Amino acid sequence: MTSTVELIDFKERLSDATARFLSRQHRLFIGGEWVQPASGATRDVIDPATGAKISTMADGGTADIDAAVKAAREAFEHGEWRRMSTNERAKILWKIGSLIDEHAEELAQLEVLDEGSAYNVVKNFYVRLSADHFRYYSGWATKIGGSTVPVNMPGEWHAYTVREPIGVVGQIIPWNVPLLMAAWKLAPALAAGCTVVLKPAEDTPLTALRIAEICREAGLPPGVLNVVTGDGKAGAALVEHPDVDKVAFTGSTATGKAIVRAAADNLKRVTLELGGKSPVFVFPDADLERAIPGVAEAVLLNSGQACTAGSRLYIHEDVYDRVVAGVAEYAESLKLGHGLDPATHLGPLISERQLSRVKGILQAGLDEGAKVYSGGGQPSGPGYFLRPTVLTNVKPGMTVYREEIFGPVISAMKMSSDDLDALVSEANNTVYGLAASVWTKDLSLAHKLAARIRAGVVWVNNHNQTDAALPFGGYKQSGWGREMGFSGIEAYTELKSVGVYLG
Ligand code: NAD
């Protein structure tokens with residue numbers, strides 16, 4: 001069954017600031033200035049809810065990446081950033097957080113138009129978390145110290161460690177939750193004293209460009225942050241650049257592998273936040289009133305376009321029928337529409353390409369024997385919408401079981417065993433290892449599963465919640481390294497040992 005998505009006239013809802021920002025011919029932010037790309041090329045910025053052009057971005061390439069890396073190197077080696085007191089650095093980071101709050105409406109509107117999510121989720125969740133991220137790392141700027149180390153080398157020694165900024169960092173981010181992805185990358189790198197070239201995804205350049213302005217207004221010196229918009233070719237140029245000390249990447253596992261290969265030439269440091277295929281377990285003693293919407297949202301948040309999406313839903317046989325029916329009812333109740341419509345719960349997928357990719361995986365699942373329990377199909381009307389879909393009869397080995405779908409598709413599977421080993425082996429039956437959740441009141445069971453699931457994050461009675469203080473990242477092919485907390489600082493620093501021979 002398909003229905004029609006009714007779109008509001010979003011233009012009436014835009015603040016003056018948003019309308020002004022959209023109407024600009026966007027350029028690249030290099031050395032603290034807006035500059036034209038060397039080729040003069042531009043790309044259209046598309047609202048995925050309507051398919052219509054909303055703005056124009058610069059299509060940066062190799063020459064622009066080179067200019068941005070030069071500006072970042074100059075700022076790192078000779079600028080005031082590294083010499084600035086850590087107190088001053090902390091104040092700038094705090095100010096960036098405050099300015100994000102001050103411009104929350106504009107940032108949220110730009111993000112909704114660029115990426116498609118519902119306004120309330122973007123403003124109250126992603127924009128707030130982005131501001132908090134800068135404030136959290138503002139606190140770290142003054143606390144990146146080393147330690148003295150007792151040593152047994154011959155003679156008398158004073159030995160200590162210091163943490164130094166890694167240098168010029170290339171940061172490449174995806175199109176899902178792009179403002180928060182930029183904040184996750186920028187805040188720890190800046191707190192550590194690095195300089196940055198940020199390459200946002202070609203589908204979602206807007207909030208990264210606005211953040212560049214906010215950083216300048218907050219007092220970030222020229223060249224410390226450079227933003228080059230463009231596609232994967234610009235990203236590849238950044239990864240291959242010999243004067244980049246580190247690449248921090250969030251995106252697909254396939255691109256992550258290409259980055260590892262390309263970074264080998266100068267052995268630049270690489271951290272990777274990649275895809276996932278996260279398992280979710282619902283046990284009969286769970287608070288089902290919370291668990292049913294909770295496990296549905298575990299996938300449907302952002303229309304399934306979240307790396308932590310709990311896309312493999314295991315339900316104990318005693319409550320299987322009730323939970324599947326409840327999840328389907330919840331999914332069916334969500335209103336699809338333009339993210340700026342206050343009635344909207346679910347927005348579109350990011351692009352035509354992503355919509356056809358998700359439909360292709362869904363079809364492969366059906367061809368392999370999965371059944372549509374509810375939803376499915378593309379509503380009529382413009383935009384890249386897909387109705388939330390609950391699949392049953394999903395078996396290991398099927399495409400929908402194996403592959404990261406990145407769309408609003410829930411695969412519900414019956415757990416017919418209480419055997420912990422069997423559940424653990426099912427949970428870990430994936431090349432990914434990003435996240436998982438366990439829904440039960442039996443804390444002993446929850447802890448036993450949490451200990452044995454090979455994933456970077458395990459939630460108990462919740463899903464998709466992140467905090468700047470809590471390390472985040474993946475096992476296996478979900479990534480290398482951790483962001484958040486002190487791990488975020490470690491990712492942007494080198495540890496130096498100094499041994500002073502005293503005689
Ligand atoms: P993608 O890999 O296609 O693109 C990500 C970014 O890499 C974009 O900016 C793109 O232009 C750039 N890029 C493409 N080819 C490149 C190359 N050869 N060299 C350098 N850069 C290149 O990913 P996507 O489709 O934009 O994002 C969705 C993916 O991101 C999903 O797999 C999702 O799970 C993952 N993701 C992971 C996390 C996490 O924290 N683990 C968070 C969000 C998204």
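The structure we're discussing is the one just above.
Residues numbered from 1 in each chain as written. Predicted model: local features only at pLDDT ≥ 70, side-chain atom pairs only at ≥ 80, totals over all residues. Heavy atoms only, no water.

Moving on, we get to the nonpolar core. Formed by 80 residues in total, the largest nonpolar core has its most connected members in Ile96, Phe134, Leu190, Leu198 and Leu225. If one sorts the elements of this core by residue count, helix H6 (residues 178-192) sits on top with 12 residues. Ranked by size, the runner-up nonpolar core spans 31 residues in total, among them Tyr314, Leu386, Leu420 and Leu449. (Core = buried A, V, L, I, M, F, W, Y, C linked by side-chain atoms within 4.5 Å. Buried < 20%, exposed > 50% of the residue type's maximum accessible area, 1.4 Å probe, protein only. Helix = DSSP H or I, 4+ residues; strand = E, 2+ residues; numbered from the N terminus.)

Judged by how many residues are buried, strand E12 (residues 312-316) sits mostly within the fold: 5 of 5 residues are covered. With burial as the criterion, each face of E12 is covered, one bearing Arg312, Tyr314 and His316 and the other bearing Leu313 and Ile315. Here 4 bridges tie strand E11 (residues 279-282) to E12, and the two strands are oriented parallel to one another. What sits directly across from Val280, in E12, is Leu313. Across 5 bridges, the pairing between E12 and strand E15 (residues 409-415) is parallel. By the bridge assignment for E15, Tyr314 is matched with Met413. (Pairing = 2+ DSSP bridges.)

Counting across every chain of the model gives 25 salt bridges. A salt bridge links Lys53 to Asp44; the shortest N-O distance between them is 3.4 Å. A residue is classified by how much of its surface remains accessible, and Asp44, at 46% relative accessible area, is partly exposed. Of the charged contacts, one joins Lys70 and Asp66 as a salt bridge, the two residues approaching to 2.8 Å between their closest N and O atoms. Of this pair, Lys70 and Asp66 are both found in helix H2 (residues 62-78), 4 residues apart, which corresponds to roughly one turn of the helix. A residue is classified by how much of its surface remains accessible, and Lys70, at 53% relative accessible area, is exposed. (Salt bridge = Lys/Arg side-chain N within 4 Å of Asp/Glu carboxyl O.)

Take the site of the ligand next. Among the 29 residues in the neighbourhood of the ligand, the closest are listed as Lys199, Glu202, Ser252, Thr255 and Glu404. Between the ligand and the protein, one listed contact pairs an oxygen atom with a backbone N or O atom of Gly232 at 3.5 Å. With respect to the ligand, the backbone of Gly251 contributes an N or O atom lying 3.3 Å from an oxygen atom. Listing elements by their share of the shell around the ligand, those giving two or more residues are helix H8 (232-240), strand E9 (246-250) and helix H9 (253-262). Take the shell around the ligand: its biggest share by element is 4 residues, from H8. Tallied by class, residues from the shell around the ligand come to 16 nonpolar, 8 polar and 5 charged. (Near = heavy atom within 4 Å. Polar contact = N/O pair within 3.5 Å; in protein donor to acceptor, adjacent residues only side chain to side chain. Nonpolar A, V, L, I, M, F, W, Y, C, P; charged D, E, K, R; others polar.)

Let's shift gears to a negative patch on the surface. A contiguous patch of negative charge, built from Glu317, Asp318, Asp418 and Asp419, is present on the exposed surface. In this fold, Asp318 is placed in the loop between E12 and helix H11 (320-333). (Patch = residues over 30% accessible without salt bridge, like charges linked within 9 Å, V, L, I, M, F, W, Y side chains within 5 Å. Areas by Shrake-Rupley, 256 points an atom, 1.4 Å probe, with all protein chains shown as cover. Lys, Arg positive; Asp, Glu negative; His and termini not counted. Charge placed at Lys NZ, Arg CZ, Asp CG, Glu CD.)

The next subject is the packing of aromatic side chains. Counted according to the given criterion, the structure contains 9 aromatic pairs. With a centroid separation of 5.0 Å and 40 degrees between ring planes, the pair formed by Trp140 and Phe486 is classed as tilted. You can see Trp140 sitting in helix H5 (residues 119-141) and its partner Phe486 sitting in helix H16 (residues 485-490), a full 346 residues away along the chain. Between Phe281 and Tyr314, the ring centres sit 5.1 Å apart and the planes meet at 15 degrees, which makes this aromatic pair stacked. Taken together, the residues Phe281 in strand E11 and Tyr314 in strand E12 connect sequence positions 33 residues apart. You'll find Phe281 and Tyr314 in the same group, each marked buried. Members of the aromatic cluster, connected to one another through ring pairs, are Phe281, Phe283 and Tyr314. In this structure, Arg24 packs its charged tip against the face of Trp34, placed 6.0 Å from the ring centre. The cationic tip of Arg82 hangs over the ring face of Phe76; the distance from NZ or CZ to the ring centre is 4.1 Å. (Phe/Tyr/Trp six-rings, centres within 6.5 Å; stacked < 30°, edge-to-face > 60°. Lys NZ or Arg CZ within 6 Å of the ring centre and 35° of its normal.)

Our focus in this paragraph is a nonpolar patch on the surface. Taken together, the side chains of Val149, Val151 and Met153 present a nonpolar region at the surface, about 200 Å² in accessible area. Tracing the backbone shows Met153 in the loop between H5 and strand E5 (157-165). For Met153, a relative accessible area of 37% gives the class partly exposed.

Now for the side chain of Asp64. Here Asp64 lies in helix H2. Although Asp64 lies buried, it forms no salt bridge, and the closest oppositely charged side chain, Arg43, sits 11 Å away as judged by the N-O distance. At a separation of 2.8 Å, a polar atom in the side chain of Asp64 contacts the main-chain amide nitrogen of Gly61. In this structure, Asp64 is in contact with Leu28, Ile30, Gln36, Pro37, Ala38 and Val228, ignoring residues within four places of it in sequence. (Contact = heavy atoms within 4.5 Å.)

Moving on, we come to the state of the cysteines. Evaluation of the coordinates by the stated rule reveals 0 disulfides. In this model Cys194 remains outside any disulfide bridge; the closest cysteine sulfur is found in Cys215, 14 Å from its own. For Cys194, a relative accessible area of 0% corresponds to the buried category. (Disulfide = S-S within 2.5 Å.)

Turning our eyes to something else, we now look at the sheet that holds strand E13 (residues 371-374). Here we have 7 strands laid out as an open sheet, ordered E13-E14-E15-E12-E11-E16-E17, and mixed in their pairing. Of all the strands in the sheet, just E13 and strand E17 (457-460) have a single pairing partner and so form its edges. Strand-to-strand twist of the sheet, defined as the mean angle between neighbouring strand axes without regard to direction, takes the value 25 degrees. Two strands pair when backbone bridges link them, and strand E16 (residues 435-439) and E17 are joined in this way by 4 bridges, in the parallel orientation. Paired with Ala435 across the bridge in E17 is Val457. (Axes fitted to C-alpha atoms, helices over the stretch in contact; angles between N-to-C directions.)

By themselves, these are just geometric observations and shouldn't be taken as functional.
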